[in-house]
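Spelled out from the first residue to the last, the chains are:
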4 protein chains.
Amino acid sequence: MPGNSFGKILKLTSFGESHGKAIGGVIDGFPAGVDINLDFVQKELERRRPGQSKWVTSRQEADRLEVLSGIFEGKTTGTPIGFLVWNKDQHSTDYVHLKKAYRPSHADFTYEKKYGWRDYRGGGRSSARETISRVVAGAFAKILLKEAGIEISAFVHSIGDVSLPGDYAMSDLSKTEDSPMRCPDEKTTEKMLHLLEKTVKEGDTLGGTIACMARNVPSGLGEPVFDKLHADLGKAMLSINAVKGFEIGSGFGAAGMKGSEHNDLFVKQGGRITTKSNRSGGIQGGISNGNDIFFKVAFKPIATLMKNQLSVDADGNEVVLEGKGRHDVTVVPRAVPIVEAMAALVLADHWLLGRLSRI
Amino acid sequence: MPGNSFGKILKLTSFGESHGKAIGGVIDGFPAGVDINLDFVQKELERRRPGQSKWVTSRQEADRLEVLSGIFEGKTTGTPIGFLVWNKDQHSTDYVHLKKAYRPSHADFTYEKKYGWRDYRGGGRSSARETISRVVAGAFAKILLKEAGIEISAFVHSIGDVSLPGDYAMSDLSKTEDSPMRCPDEKTTEKMLHLLEKTVKEGDTLGGTIACMARNVPSGLGEPVFDKLHADLGKAMLSINAVKGFEIGSGFGAAGMKGSEHNDLFVKQGGRITTKSNRSGGIQGGISNGNDIFFKVAFKPIATLMKNQLSVDADGNEVVLEGKGRHDVTVVPRAVPIVEAMAALVLADHWLLGRLSRI
Amino acid sequence: MPGNSFGKILKLTSFGESHGKAIGGVIDGFPAGVDINLDFVQKELERRRPGQSKWVTSRQEADRLEVLSGIFEGKTTGTPIGFLVWNKDQHSTDYVHLKKAYRPSHADFTYEKKYGWRDYRGGGRSSARETISRVVAGAFAKILLKEAGIEISAFVHSIGDVSLPGDYAMSDLSKTEDSPMRCPDEKTTEKMLHLLEKTVKEGDTLGGTIACMARNVPSGLGEPVFDKLHADLGKAMLSINAVKGFEIGSGFGAAGMKGSEHNDLFVKQGGRITTKSNRSGGIQGGISNGNDIFFKVAFKPIATLMKNQLSVDADGNEVVLEGKGRHDVTVVPRAVPIVEAMAALVLADHWLLGRLSRI
Amino acid sequence: MPGNSFGKILKLTSFGESHGKAIGGVIDGFPAGVDINLDFVQKELERRRPGQSKWVTSRQEADRLEVLSGIFEGKTTGTPIGFLVWNKDQHSTDYVHLKKAYRPSHADFTYEKKYGWRDYRGGGRSSARETISRVVAGAFAKILLKEAGIEISAFVHSIGDVSLPGDYAMSDLSKTEDSPMRCPDEKTTEKMLHLLEKTVKEGDTLGGTIACMARNVPSGLGEPVFDKLHADLGKAMLSINAVKGFEIGSGFGAAGMKGSEHNDLFVKQGGRITTKSNRSGGIQGGISNGNDIFFKVAFKPIATLMKNQLSVDADGNEVVLEGKGRHDVTVVPRAVPIVEAMAALVLADHWLLGRLSRI
């Protein structure tokens, strides 16, 4: 009921502030008997680290996963998986000047209004560092989905006004991780890097979009009428820091189409029934139909700039927030594993639930 | 856990198929002592009826709300509110020809894959008639929100390629219900009607978008990190039939902006702290900030056409689905009260939860 | 989250007051494809009716189940099963004299304290009539359990100081329904009837205990550490009106035993591993072990007497509550199907959950 | 949904095995702005330690609480409270001989049946060491309840056949912690110690009962019809290791009483309405009535004996389980803080929920 748990059967409960002792969580409902490769989980965690390219960040972190329970002799036991990542540099004094100031388009003001006061160190719970727990749990979910053959791949679809051309559902996703922007197209990557270079000089930041594909999802996943598969995917994505929009399949484009253009006609192909087109994005009536699931997520630009901004403090006094020296220009490439993780949690949860649909 | 309940404290559990005996639900967690005007609830229900303009439909329904419990002497008692609307014309024989056929971009195929078989009469549970329960519960939620001064208004923002010009957050929402298209602008309404006239002749259908505003929402609503206010709004909207996309505030537009353009700067105004702009759509870090909340929802075109379509049946045989004589060209104007209802459920739920944030 | 839903996967949401329009509920999470014999459900409902013997009651009711959704062509579709039973004689004027008076050991006072006011007609939501929904949902659960071979039988173990002698787990449960007291022993039944006859003359009422057996429960059901199988059974029983105690297996007797007396030793028998004794009541560590599950439930005497009682009203004035002419002396025999229903809901829920324990 | 979370608003999610790295949990939904005395929490934790008297144990542990998040500058922030206690002596080799053997009346067999295999080291998740998380979370709940003036005190009511005489609701609870048996009566304590001395010589173990009182509970807590206050208390208690029974107020005794003996008559006393007697145990219709809440819990004797026992292993071969040298004779005194902790979690949760009953 409180807001730090996600999922129904496979459930992540998360804790931790950016400058507290640790970030961690508990994964409950993970079936027993699954081999867990913790190196894979650690690698997923490293995919969300900053500093993977010169454009993305300069701060160095080293997040080391510690699993506390639920795994014995390399396999899940069916009991909850507790885990944590220690926070290193808890230089909370760095943040004392922010104790009363409200940073624009951050959550300082709203946390204070909600809870009466706030942990002002680096955003506290509202920091993107919270997503560590999501990525860890998502990696476990991916391991589970592998048992079902389901694969999830996200990639950067646009940064600012630079966008991958053509039908994104057709991209060669094996190339994503080769790109410093996690964009599966070399030319677009170059343009994005160029834009970043320009923007960093301006001391400004950029938003962008991430697309995600889930392949080999069996038909029958999703729990209408409220827990439709794409509704749960949408909530998962919108719960990620900085996300402003979500669309499944044809998305907002569908609003401008006619029924005769949009309908996915059924055909028999290779002995099984499928559809000619896939504007539905693999989901009909909230239930997967066996086609690829794909969706897109919009991220706003980072609110912390490398140039000064005006704001007010809790007393209403004007304050100048000084631009940070060296900082992420965009969070979008780093958010790719987070999008994948949340998608994996939703699909694994629904895959388990799907076992209960019939007698 | 199963998918027919919505909300945490204020919870709707819904039931009913389009051609079963009744559609209804149970509203649990509604506080005691609230005066309920059942005429208002009935009127909300009528707003989702077809037949409100010549373009929207021709079938006549008369959905009469029956409240079975939870209200005594005109006031809520704190006990669950059971309600139903009887289904009238259960001509299930009309649908026997669809017993085995899969209608394109309907849920026939996926329900059958999930549950092993299906109620083929008029879509069964996947019919939009299911939204009756949402609208009833949403009307109760609106009554509760009124106690907090919160108002919710949705309107049609676009139909096909005809779109309301300018900043939709500036629309005069008092005009919405005067328009047969539920669009608060006369000229745009005319263009929409023109487009409908053209499309009905083609036997085709149209999608569109709905925008929604929530005013006077107090700051502090939303439960990070997973149950962010806009994440729950997004799930609510995406759970409505035919919805393909959701965006809060600046939405997908944010992805193309720079941080310095997008940030909402804090200012002291009239004695209170607010922001100059509202690109965040009234929510920061998943918590309301006291500004207007606004979001947009994309609907795909109706999948049932007034012209023939090819499909296959369960055995893979080709079948021709004959176009229906007279049918909705677009569901969008009728979906306005549904969008409002789901927004009201989310906000009322979070308004109650918000009481528990502090000691 | 509010208190009118029960179960995790198989979930009953209940509504209705004793003198409102109807009592009903929604069963969600029931798997698709199960044949439903509605006559059986109706019969279960009739087992909780008063008037089944001359001692139990004199009022006549006729509760007719109406199923509104979720079943098509005699089988479940996987969608929620809405149902109701209309209330007949809503003579609310009979209760006006109770508008302000607090009946001793009823819920009048506490409902008023909690909700600020109350529906004073016949107990409102706190009436035992609410258990109609439990019995209906329990009958559906029994149908599901039958698919797994699981059988549930409850019986009256004691009324007042008259108790079934010997080990109740050894009773011949096929005789329960032959007894007007639902006690599977003829001699004990006679003694109980004799006690009732005496008590009715005194205008007084009696409590008692119900024992329940679940047979053929597979090993592996139960979700430690909080949702242990007997913890969920206990909650289910304690949620029934008038229940004051619950014990599983050896129960309170275990507190007086030594470990060497109490331990159930493992043996290999007929090719499978089982235990010599069954003091654990079929559950070890919160998980079923394949043996019979048995537990006992204590009911307090009915609070409404057939003789006058003193009380106070909301203003603190003394009032005399007049004894009712003809009334139940004990609720215990009528509660047998309610105990079975709640046990069936718990076991069916855990049976479904049990499918998810392993990969 | 999976079984390692407890509570609705105030929710504990627990993890950890007896011989894993750590035992811990996440407390979500704790209101912001509450001063937390971590020394108090640590002291509560020490109350459940063995070795507090010569009869209770001989093993030495030192469980040190580490709080990882949710508290800043000594106060709760409204974000989840992650915590853990490291496990010290993880001598898993000690347990290799138990890898295949099923200890009588332990959970070895059932865990294996449920999950397909098990962590055989010291009971794994089924070890009473799991209750560390309960005691920590319960201590936080007690701090919250203190804000409402609510106090909870449990004590040992019986060990084996030695029982506190008289009405336990009248005990002087201030004396509990003075007694090595946590029994508030000196003479009974002596008798209990005598019995322990005798039993330890026999190499045997003892069960017992714990009584619990909650004082100053406001009227109006509890969520009928399923989440009645005593139903949630009952589930909480039955979820504790070794518990076999629960009774509220008059409990099983009520079954033998007449209505005229059992009813609690209302009176006006000192300006407020209360009842003459309190056989209901402070709860009517599932809602607190402002009187003391009291209940009793039955614990079975410890299953691990200090003498040899016969059993079988997974292959059905007979094995001898050797008696442990020095071991707890009874768990009951150590379980007192666990009973209190679970009661505190239930009451704090319902206290928060109670804020939402009325507009």
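What counts as what
Residues numbered from 1 in each chain as written. Chains lettered and ligands numbered in written order. Predicted model: local features only at pLDDT ≥ 70, side-chain atom pairs only at ≥ 80, totals over all residues. Heavy atoms only, no water. Least-squares fit on C-alpha atoms with pLDDT ≥ 70 in both. Contact = heavy atoms within 4.5 Å. Salt bridge = Lys/Arg side-chain N within 4 Å of Asp/Glu carboxyl O. Helix = DSSP H or I, 4+ residues; strand = E, 2+ residues; numbered from the N terminus. Buried < 20%, exposed > 50% of the residue type's maximum accessible area, 1.4 Å probe, protein only. Pairing = 2+ DSSP bridges. Axes fitted to C-alpha atoms, helices over the stretch in contact; angles between N-to-C directions. Buried area = accessible area lost by both parts, 1.4 Å probe. Polar contact = N/O pair within 3.5 Å; in protein donor to acceptor, adjacent residues only side chain to side chain. pLDDT = per-residue confidence, 0-100.

Comments concerning the relation of the copies chain A and chain B
And then number 1: Expressed as a screw transformation, the operator carrying chain A onto chain B has a rotation angle of 180 degrees and an axial translation of 0.0 Å, and the superposed copies differ by an RMSD of 0.0 Å. Such values leave the two copies arranged in the relation of a two-fold axis.
And then number 2: Taken as a fraction of all interface residues of chain A, those also at the interface in chain B reach 100%, which identifies the copy contact as same-surface.

Quick notes on the pattern of salt bridges
And then number 1: Counted under the stated rule, the structure contains 96 salt bridges over all chains.
And then number 2: Across the salt bridge formed by K235 of chain B and D227 of chain A, the nearest N and O atoms sit 2.6 Å from each other. Here D227 of chain A lies in the loop between β10 (208-215) and α5 (229-238) and K235 of chain B lies in helix α5 (residues 229-238), a pairing that spans two chains.
And then number 3: In this structure, K8 of chain B and D232 of chain B form a salt bridge, with 3.0 Å as the shortest nitrogen-oxygen distance. Of the two residues, K8 of chain B is situated in the loop between β1 (5-6) and β2 (11-15) and D232 of chain B in helix α5; the sequence distance between them amounts to 224 residues. One exposure class covers both K8 of chain B and D232 of chain B, and it is buried.
And then number 4: Salt bridges sharing common partners tie together E44, R47, K142, E177, R182 and E340 of chain A.

Concerning the pairing of strand β10 (residues 208-215) of chain B
All names here are of chain B.
And then number 1: For β10, the buried fraction is high: 7 of the 8 residues fall into the buried class.
And then number 2: Alignment of strand β8 (residues 151-159) against β10, held across 8 bridges, turns out to be antiparallel. Paired with A154 across the strands is C212, a residue of β10.
And then number 3: As defined by bridge partners, β10 adjoins strand β16 (residues 293-299) across 7 bridges and the pair is classed as antiparallel. Counted as the bridge partner of I210 is V297 from β16.

Quick notes on the relation of the copies chain D and chain C
And then number 1: It takes a turn of 180 degrees to lay chain D on chain C, together with a shift of 0.0 Å along the axis; the resulting RMSD is 0.0 Å.
And then number 2: Most of the interface of chain D is mirrored in chain C, where 100% of its interface residues are also at the interface.

A word on helix α2 (residues 108-115) of chain C
And then number 1: Across the 8 residues that make up α2 of chain C, a large majority, 7, are buried.
And then number 2: Within the sequence span of α2 of chain C, burial applies to D108, F109, T110, Y111, E112, K114 and Y115 of chain C.
And then number 3: In the core, the buried residues of α2 of chain C are packed alongside β12 (266-269), β13 (272-275), β14 (283-284) and β15 (287-288) of chain D.

What to know about the sheet that holds strand β2 (residues 11-15) of chain A
Residue and element names in this part refer to chain A.
And then number 1: Across the sheet, which stays open at both edges, the 5 strands sit in the order β1-β2-β3-β7-β4 with antiparallel pairing between neighbours. What marks the edges here is a single partner per strand, and that holds for β1 (5-6) and β4 (65-67).
And then number 2: Pairing between β1 and β2: 2 bridges, direction antiparallel. The partner of F6 across the bridge, within β2, is L12.
And then number 3: Of the strands in this sheet, β4 and β7 (81-86) are in contact with helix α1 (residues 38-47), which crosses β4 at around 140 degrees.

Describing the interface of chain D and chain C
And then number 1: With 107 residues of chain D at the contact, the number on the chain C side is 107 residues.
And then number 2: Summing both sides of the interface, chain D and chain C together bury roughly 8,300 Å²; the carbon and sulfur share of this comes to 60%.
And then number 3: For chain D, the biggest contributors to the area lost against chain C are K114, F226 and F266 of chain D; these three give 11% of the whole.
And then number 4: There are 8 salt bridges connecting chain D and chain C.
And then number 5: At the surface where chain D touches chain C, the tally comes to 59 residue pairs in polar contact (both at pLDDT 80 or more).
And then number 6: Broken down by element, the side of chain D that touches chain C gets its largest block of residues, 7 residues, from helix α2 (residues 108-115) of chain D.

Some thoughts on the side chain of T77 of chain A
And then number 1: As for its position among the elements, T77 of chain A is in the loop between β6 (75-76) and β7.
And then number 2: Among the polar contacts listed, one links the side chain of T77 of chain A to the side chain of T79 of chain A, at a separation of 2.7 Å.
And then number 3: Once residues within four sequence positions are removed from consideration, T77 of chain A is found in contact with A32, G70 and F72 of chain A together with Y115, W117 and D119 of chain D.

Things to note about the confidence of the model for chain A
Do not read the fine detail of predicted coordinates wherever pLDDT is low.
Residue and element names in this part refer to chain A.
And then number 1: Per-residue pLDDT for chain A averages 93, and the proportion of residues at 70 or more is 94%.
And then number 2: Within the model, the stretch residues 54-58 combines pLDDT values under 50 with 14 contacts to residues more than four positions away or in other chains.
And then number 3: Interface predicted TM-score (ipTM) for the complex: 0.96; the corresponding pTM is 0.97.

Concerning the environment of G3 of chain D
And then number 1: Along the chain, the position of G3 of chain D falls in the segment before β1 (5-6).
And then number 2: Taking the C-alpha atoms as reference, G3 of chain D lies 9.4 Å from S14 of chain D; in sequence the two are 11 residues apart.
And then number 3: When residues no more than four places from it in sequence are discounted, the contact partners of G3 of chain D are D28 of chain A together with E223, P224, V225, F226 and D227 of chain C.

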